[in-house]
Amino acid sequence: VTNASGLGAAFLVGQFDGIAGLAYDSISVDHQVPFLDNLVKANPGIKAQFAFYLPTASGVEGSLDIGGDNKDHYTGSLVSIPLTNETYWEFKMDSINLAGKSFDFCGSAGCPAIADTGTSLLAGPSAMVTEINKALGSTGVLTGECEQVVDQYEDQIIQYIEQGLNSSDICTKIGLCPNTGECGV
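Residues numbered from 1 in each chain as written. Predicted model: local features only at pLDDT ≥ 70, side-chain atom pairs only at ≥ 80, totals over all residues. Heavy atoms only, no water.

Asker: Whenever I open this one, the environment of Q49 confuses me. Can you help?
Answerer: Inspection of the secondary structure puts Q49 in the loop between helix 2 (35-42) and strand 1 (50-53). Taking the C-alpha atoms as reference points, Q49 and G68, separated by 19 residues in sequence, lie 5.1 Å from one another. Residue contacts for Q49: discarding those within four places in its chain leaves L36, D65, I66, G67 and G68. (Helix = DSSP H or I, 4+ residues; strand = E, 2+ residues; numbered from the N terminus. Contact = heavy atoms within 4.5 Å.)

Asker: Can you walk me through the nonpolar core in this structure?
Answerer: General note: in soluble globular proteins, nonpolar side chains tend to be found buried as a group. By size, the foremost hydrophobic cluster in this structure holds eight residues: M93, I96, F103, C106, C111, A113, M128 and I132. Listed by contribution, the elements that provide at least two residues to this core are strand 7 (111-114) and helix 3 (126-136). Contact partners of I132, with chain neighbours within four places excluded, come to I96, L98, F105 and L122. Residues Y153, I157, I161 and I170 belong to the second largest nonpolar core, which totals six residues. (Core = buried A, V, L, I, M, F, W, Y, C linked by side-chain atoms within 4.5 Å. Buried < 20%, exposed > 50% of the residue type's maximum accessible area, 1.4 Å probe, protein only.)

Asker: Any chance you could explain a nonpolar patch on the surface here in plain terms?
Answerer: A cluster of nonpolar side chains, F35, F52, L54, L64 and I66, forms an exposed patch at the surface whose accessible area comes to about 460 Å². For I66, the location among the structural elements is in strand 2 (residues 63-66). Looking at I66, the relative accessible area reads 38%, which means it is partly exposed. (Patch = residues over 30% accessible without salt bridge, like charges linked within 9 Å, V, L, I, M, F, W, Y side chains within 5 Å. Areas by Shrake-Rupley, 256 points an atom, 1.4 Å probe, with all protein chains shown as cover. Salt bridge = Lys/Arg side-chain N within 4 Å of Asp/Glu carboxyl O.)

Asker: How should I be thinking about the packing of aromatic side chains in this particular structure?
Answerer: Note on aromatic pairs: each is described by the distance of the centres and the angle between the planes. With the rule as written, the count across this model stands at four aromatic pairs. With 5.3 Å between their ring centres and 40° between their planes, Y24 and W89 make a pair best called tilted. One end of the pair, Y24, is in the loop between helix 1 (9-13) and helix 2; the other, W89, is in strand 4 (residues 89-93), and 65 residues separate them in sequence. Exposure remark for Y24: the relative accessible area of 22% places this residue in the partly exposed category. Since its relative accessible area comes to 28%, W89 is described here as partly exposed. The interplanar angle of 85° and the centroid separation of 5.9 Å between the aromatic rings of F50 and F52 together place this pair among those described as edge-to-face. Using a relative accessible area of 22% as the deciding quantity, one classes F50 as partly exposed. Given the relative accessible area of 36%, F52 is considered partly exposed. In textbook terms, an aromatic cluster arises when at least three aromatic residues are bridged by ring pairs, as seen for Y24, F50, F52 and W89. (Phe/Tyr/Trp six-rings, centres within 6.5 Å; stacked < 30°, edge-to-face > 60°.)

Functional significance is not addressed by these values, which are geometric in nature.
If you want it as structure tokens, here you go:
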């Protein structure tokens, strides 16, 4: 990533070789044609499909399958769901099922949802995310205190990240950590 502006803090601090955007050109930087579209155009025999395998077992490698799916990675049949917006992979969601428990957050009309392989975050209304995190046995990344810190120091934090400072130095510079390199936040 050579231009991380507008991509969020994760792209500023993360180590990446590049980005293979799979969304639509309507949201791509400078409306560039997405890589999958170019691949299919250059190779007419390839289906305009991709699938991700995200294993739950430690030590098992995941995969990105381009041009179809790998039947070794699932049982049953795949279901095609129509997209409701050609920006992200947005679709209408009726409910969420986790370990046999159904969460009907959307009501009978459904609600929009996005399958975004470019993030590991769960974003949504706070009450919904809290319930999902509880069902998963996890906690939210951001707490009220963290949100306050970001709201107050966001511009400074981004500036220091762009300058290459590490998290301890950033905390010290904005006055959240003592000058010992140990941060209590």
